[in-house]
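Understanding the architecture of this molecule
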Amino acid sequence: MSGHSKWSNIKHKKEKSDAAKAKVFTKIGKEIAVAVKAGGPDPVSNSKLKELIAKAKSLNVPNDNIDRIIKKSSGADAVDYEEITYEGYGPNGIAVIVEATTDNRNRTGGNVRHFFDKYGGNLGQSGCVSFMFEDKGVIIVEKESGADEDKLMEDALEAGAEDFIADEEVFEIYTVPADLMAVKEDLEAKGYVIASAEKDKIPSNYVTLTDEEDIKKMNLLLEHLEEDDDISEIYHNWESNE
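Summarised in this report is the structure supplied together with it. Predicted model only: the values in this text are computed from it and were never measured.

Procedures and definitions
- Residues numbered from 1 in each chain as written.
- Predicted model: local features only at pLDDT ≥ 70, side-chain atom pairs only at ≥ 80, totals over all residues.
- Heavy atoms only, no water.
- Core = buried A, V, L, I, M, F, W, Y, C linked by side-chain atoms within 4.5 Å.
- Buried < 20%, exposed > 50% of the residue type's maximum accessible area, 1.4 Å probe, protein only.
- Helix = DSSP H or I, 4+ residues; strand = E, 2+ residues; numbered from the N terminus.
- Contact = heavy atoms within 4.5 Å.
- Polar contact = N/O pair within 3.5 Å; in protein donor to acceptor, adjacent residues only side chain to side chain.
- Expected span 1.5 Å × (residues − 1).
- Arc of directions from axis to C-beta.
- Axes fitted to C-alpha atoms, helices over the stretch in contact; angles between N-to-C directions.
- Parallel < 35°, antiparallel > 145°, perpendicular 65-115°, else oblique.
- Left-handed = near helix turned anticlockwise from the far one by under 90°.
- Nonpolar A, V, L, I, M, F, W, Y, C, P; charged D, E, K, R; others polar.

Some points on the nonpolar core
F116 and M218 are the most contacted members of the largest nonpolar core, which has 19 residues in total. Where this core is concerned, the elements lending two or more residues are strand 1 (82-89), strand 2 (95-102), helix 5 (105-118) and helix 8 (212-227). When residues of this core are assigned to their parent elements, the largest contribution, five residues, is made by helix 8. In contact with F116, other than residues within four places in its own chain, are G88, Y89, V96, V98, G121, N122, L123, L221 and L225.

Structure follows, in structure tokens:
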């Protein structure tokens, strides 16, 4: 199992321009709003909210912004968002899962279908590709934090992690989704600096694109999905060399 693209995706979000960061803040804000509506504004009793707050902080969303979103989402005039998952295929059969948080199902669905159609893919039925992915919790510890590999692996597995991978820049720790926050907090209590702790969908296999036109279309598909304010997460099994 490899989450080789996870850290590059997180760094990409962290290093965005100020204008693009505003989109990241907007997207995480919508997710937080849904979590507050479903489980209340207290992260102690709302595990989903707790995870999203940790995710927001890892993406450098200021604490004031997070508090403001939670307060606004608890009010009577809070926007009513819903979460929708789309599944489809990119160029040459690349499996793609798109998670959206929207207040307008028709707008979001139309946009997602348009992007797939325009860039060499097609939107499929629910379940058409999700069986190719496994839900996992992924904790990232940067190597430059000074963590000792053997000790971190021992501590992570002792805390309940399932797998441990040393990548070029980071250590990746995998858990079952329900154990993500418990393992994260256990490692933090031992003094480790956690760069990110998120739930992810790990593909069972990856597909390489060799045709330049397919690569161009796949990049454009991901770029346009990412730029849409309604799209919160995108998962795929493309083995990119970038």
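Moving on from the coordinates now.
Examining the side chain of E233
Along the polypeptide, E233 turns up in strand 8 (residues 231-236). Here the side chain of E233 touches K55 through a polar contact of 2.3 Å, side chain to side chain.

Concerning helix 8
Here helix 8 contains 16 residues, and its C-alpha end-to-end distance of 23 Å stays within 8% of the 22 Å for a straight helix at 1.5 Å per residue. Taken residue by residue, helix 8 has I215, M218, L221, L222 and L225 as its buried positions. Along the axis of helix 8, the buried residues cluster in a sector spanning 125°; they form a single face. Of the exposed residues in helix 8, the ones pointing more than 90 degrees away from its buried face are E212 and K216. Capping the start of helix 8, D211 holds a side-chain oxygen 3.0 Å from the backbone nitrogen of E213, two or three residues further along.

Describing the packing of helix 3 (residues 47-58) against helix 7 (residues 180-189)
Running from amino to carboxyl end, helix 3 crosses helix 7 at an angle of 55°, the nearest separation of the two axes being 10 Å. Taken as axis vectors, helix 3 and helix 7 run oblique relative to one another. Crossing handedness for the pair helix 3 and helix 7: left-handed. Residue-level contacts link K50, E51 and A54 of helix 3 to M181, K184 and E185 of helix 7. Broken down by class, the residue content of the contact of helix 3 with helix 7 amounts to two nonpolar, no polar and four charged.

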